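Report on the structure
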Amino acid sequence: MAVEELQSIIKRCQILEEQDFKEEDFGLFQLAGQRCIDEGHIDQLLEVIQNEKNKVIIKNMGWNLIGPVVRCLLWNNKEDDKRKYFLMLDLLVKLCNPKELLLGLLELIEEPSGKQISQIILLLLQPLQTVIQKLHSNKSYSVGLALSTIWSQLSLLPVPYSKEQIQTDDYGLCQCCKALIEFTKPFVKEATDDKENSLENQRLKDELLKFCFKSLKCPLLTAQFLEQSEEAENDPLRSFASEIIGFLSAIGYPFPKMIFNHGKKKKTWDYLEFEEEEDKQLADSLASLAYLVFVQGISIDQLPMVLSPSYLLQFNMGHIEVFLQRTEESVFSKGLDLLENSLLRMEDNSLLHQYLEIKSFLTVPQGLVKVMTLCPDETLRKKGLAMLQLYINKLDSQGKYTLFRCLLNTSNHSGVEAFIIQNIKNQIDISLKRTHNNKWFTGPQLISLLDLVLFLPEGAETDLLQNSDRIMASLNLLRYLVIKDNENDNQTGLWTELGKIENNFLKPLHTGLNMSKAHYEAEIKNSQENSQEVQRSKEFCSVTVGGEEMPNMPPEMQLKVLHSALFTFDLIESVLARVEELIEIKTKSTSEENTGIK
């Protein structure tokens, strides 16, 4: 029945001119063709398509059969039927109106979700390429529309991050990336072969440029790459990245051009939309590109050898900032790698303090602090700490001093502040051992820095347990200064400021320790009393510490926590006592020396 309906429509349309086809004819042809496919009349439908007499009809109406044919190719597992459907698809691509076919194919690509996305893209990329190459006018628009549609679908697929995931490629992303490169190559060649650089050719380059930068953002921004050199050659995502960078170079945007134009008012892009949106829309893409070149080494041989390490660091700092602002571990870990790569090119103490006037040179270390304190992955937290130390090592003395002040004021984390205080101690030690003192870590400049270190934020009311790391580091620094700097020499300025330090730090600390110990001892007593009641009722007990109720836990666990807090206070108290003892010994010794001189 379906075949007869199709033949009837064909006969009626054969006698009509192309412009006389009605909308009703298109609908009836599609319906009859669909029924032929559903009922398995594949051979008869092929005969209709191949018949030369039906050429005009198929040209105008055949594209309506693309959807049913493609769905059969996806779901029909019979090899003989699939061979016929492939033949039908090839014939339709060859015979149908390319404009109509283009829209039909793109609609099919937009339909699926999940694992079906890659299946239909892999099936239709070759036909889509053929259809676009048949278009003679406004090809750039068609190329851009196709690439944008494909990219939008691919961006929905999860990016594999382990070797196993890359190899299994469950969602087909790696296969699609490889096929997409082959799809794009003819259009890149067409754009580069046109020596006249016509307006249409420039538009084609613009569309290719947009596609390259979209690809740098997704999937390449989050993609993980195989490390071993032998495996790297077989890494599909690395190959995709290499091809994308090659495309950029071919269409007139090699990576060195972006390096030399960085930070200048000269236009990087001929495409106006890119020029206006570079900071907002392209930040992720440019960061991804910098990582691929500097860390993965893709096309790095194109870089001139004359670029100084500090220039490359300045170029990369903005990109590192972009990475560290992201929350995905796979992304901000690339920021750590790019920072390490850039810093290792520099000598210690060679990064001039003037660079800290550039916003990213302060926001990057602040980003590292967030990684160190908030990242759930221990390996990345340790890497963040190591990168902050490496960054500190590269700065000159004034740069270190400026950064220390910044982080002490902004980190709001006792452990980070303790780390900075330890670095301050190291710099003071280096300064005191030099023949010529470093003015930034001795005298008035150091005293200004110590004002941020040797004090309690809320006086005696400060939460000593929460700030224990910072307090211990501050006491150790003070102990070091008392031992290393004699009162008569007073190279650090400590002895001039001792009265202020005692009032702002040592005395409030004494008071705070007494209050905290008394509070925790009382809580231990309460906990022990509660514990007896809990054993009778077999329930959990609660304890309030510092105005906040501790989580419900077994009594023995609560007692352990409370005793641990008391141990911390005892430790702080013992170091504090030693510091005060050293101050007394030093001042007494100096006083006796001065009396003897008189």
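Residues numbered from 1 in each chain as written. Predicted model: local features only at pLDDT ≥ 70, side-chain atom pairs only at ≥ 80, totals over all residues. Heavy atoms only, no water.

Going by what an unreviewed UniProt entry lists, the chain is known as Glomulin and is assigned to Myotis brandtii.

Details of the overall build of the chain
In terms of regular secondary structure, the chain is built from 27 helices and 2 strands. Intrachain contacts of the chain at a sequence separation of at least 6 include 72% that bridge at least 24 residues. Of the roughly 29900 Å² of accessible surface on the chain, a fraction of 49% belongs to carbon and sulfur atoms. (Helix = DSSP H or I, 4+ residues; strand = E, 2+ residues; numbered from the N terminus. Contact = heavy atoms within 4.5 Å. Areas by Shrake-Rupley, 256 points an atom, 1.4 Å probe, with all protein chains shown as cover.)

Remarks on the packing of helix H17 (residues 283-294) against helix H18 (residues 309-325)
Helix-helix packing is characterised by the crossing angle of the two axes and by the distance between the axes. H18 packs onto H17 with a crossing angle of 125° between their chain directions and a minimal axis gap of 9 Å. Compared by their axis directions, H17 and H18 come out oblique. Taken as a pair, H17 and H18 cross one another with a handedness that is left-handed. Between H17 and H18, the residues in contact are Ala-283, Asp-284, Leu-286, Ala-287, Ser-288, Ala-290, Tyr-291 and Phe-294 and Leu-312, Phe-315, Asn-316, His-319, Val-322 and Phe-323, respectively. (Axes fitted to C-alpha atoms, helices over the stretch in contact; angles between N-to-C directions. Parallel < 35°, antiparallel > 145°, perpendicular 65-115°, else oblique. Left-handed = near helix turned anticlockwise from the far one by under 90°.)

Details of the packing of aromatic side chains
Evaluation of the coordinates by the stated rule reveals 11 aromatic pairs. The interplanar angle of 65° and the centroid separation of 5.5 Å between the aromatic rings of Phe-183 and Phe-187 together place this pair among those described as edge-to-face. Here the residue Phe-183 and the residue Phe-187 both occupy positions in helix H11 (residues 173-193), the gap between them amounting to 4 residues, near one helical turn. Exposure remark for Phe-183: the relative accessible area of 2% places this residue in the buried category. Between Phe-404 and Phe-441, the aromatic rings sit 6.0 Å apart at their centres with planes inclined by 65°, giving edge-to-face as the arrangement. Remark: Phe-441 occurs in the loop between helix H23 (414-433) and helix H24 (443-453) and Phe-404 occurs in helix H22 (residues 397-410); sequence separation between them is 37 residues. The exposure classification of Phe-404 matches that of Phe-441, with both residues buried. Ring pairs connect the aromatic residues Tyr-401, Phe-404, Trp-440 and Phe-441, which therefore count as one cluster. The residue whose ring lies beneath Lys-115 is Tyr-171, and the NZ or CZ to ring-centre distance is 5.5 Å. Note that Lys-425 overlies the ring of Tyr-480, its terminal NZ or CZ placed 5.0 Å from the centroid. (Phe/Tyr/Trp six-rings, centres within 6.5 Å; stacked < 30°, edge-to-face > 60°. Buried < 20%, exposed > 50% of the residue type's maximum accessible area, 1.4 Å probe, protein only. Lys NZ or Arg CZ within 6 Å of the ring centre and 35° of its normal.)

Re helix H9 (residues 139-154)
With 16 residues, H9 extends 22 Å from end C-alpha to end C-alpha; this agrees with the ideal 22 Å at 1.5 Å per step. A large share of H9 lies buried, amounting to 12 of its 16 residues. Along H9, the residues that are buried comprise Lys-139, Ser-140, Ser-142, Val-143, Gly-144, Ala-146, Leu-147, Thr-149, Ile-150, Trp-151, Gln-153 and Leu-154. Buried residues in H9 make contact with helix H7 (98-110), helix H8 (116-134), H11 and helix H12 (199-217). (Expected span 1.5 Å × (residues − 1).)

Details of helix H6 (residues 79-95)
Helix length check: H6 (17 residues) gives 24 Å between terminal C-alpha atoms against 24 Å at 1.5 Å per residue, within 8%. Among all positions in H6, only Asp-81, Lys-84, Tyr-85, Met-88, Leu-89, Leu-91, Leu-92 and Val-93 are buried.

Side note on the nonpolar core
In this structure, Leu-128, Phe-183, Phe-294, Ile-424, Leu-475 and Leu-509 are the most contacted members of the largest nonpolar core, which totals 181 residues. With 11 residues, the top contributor of residues to this core is helix H27 (residues 555-597). Viewed by domain, this core spans two of them, domain 1 (149-299) and domain 2 (445-530 + 553-589), each represented by three or more residues. Filtering out sequence-adjacent residues up to four positions away, Phe-294 remains in contact with Phe-255, Ile-259, Ile-300, Leu-303, Leu-312, Phe-315, Asn-316, Leu-338, Asn-341 and Arg-345. (Core = buried A, V, L, I, M, F, W, Y, C linked by side-chain atoms within 4.5 Å. Domains from an automatic or database assignment.)

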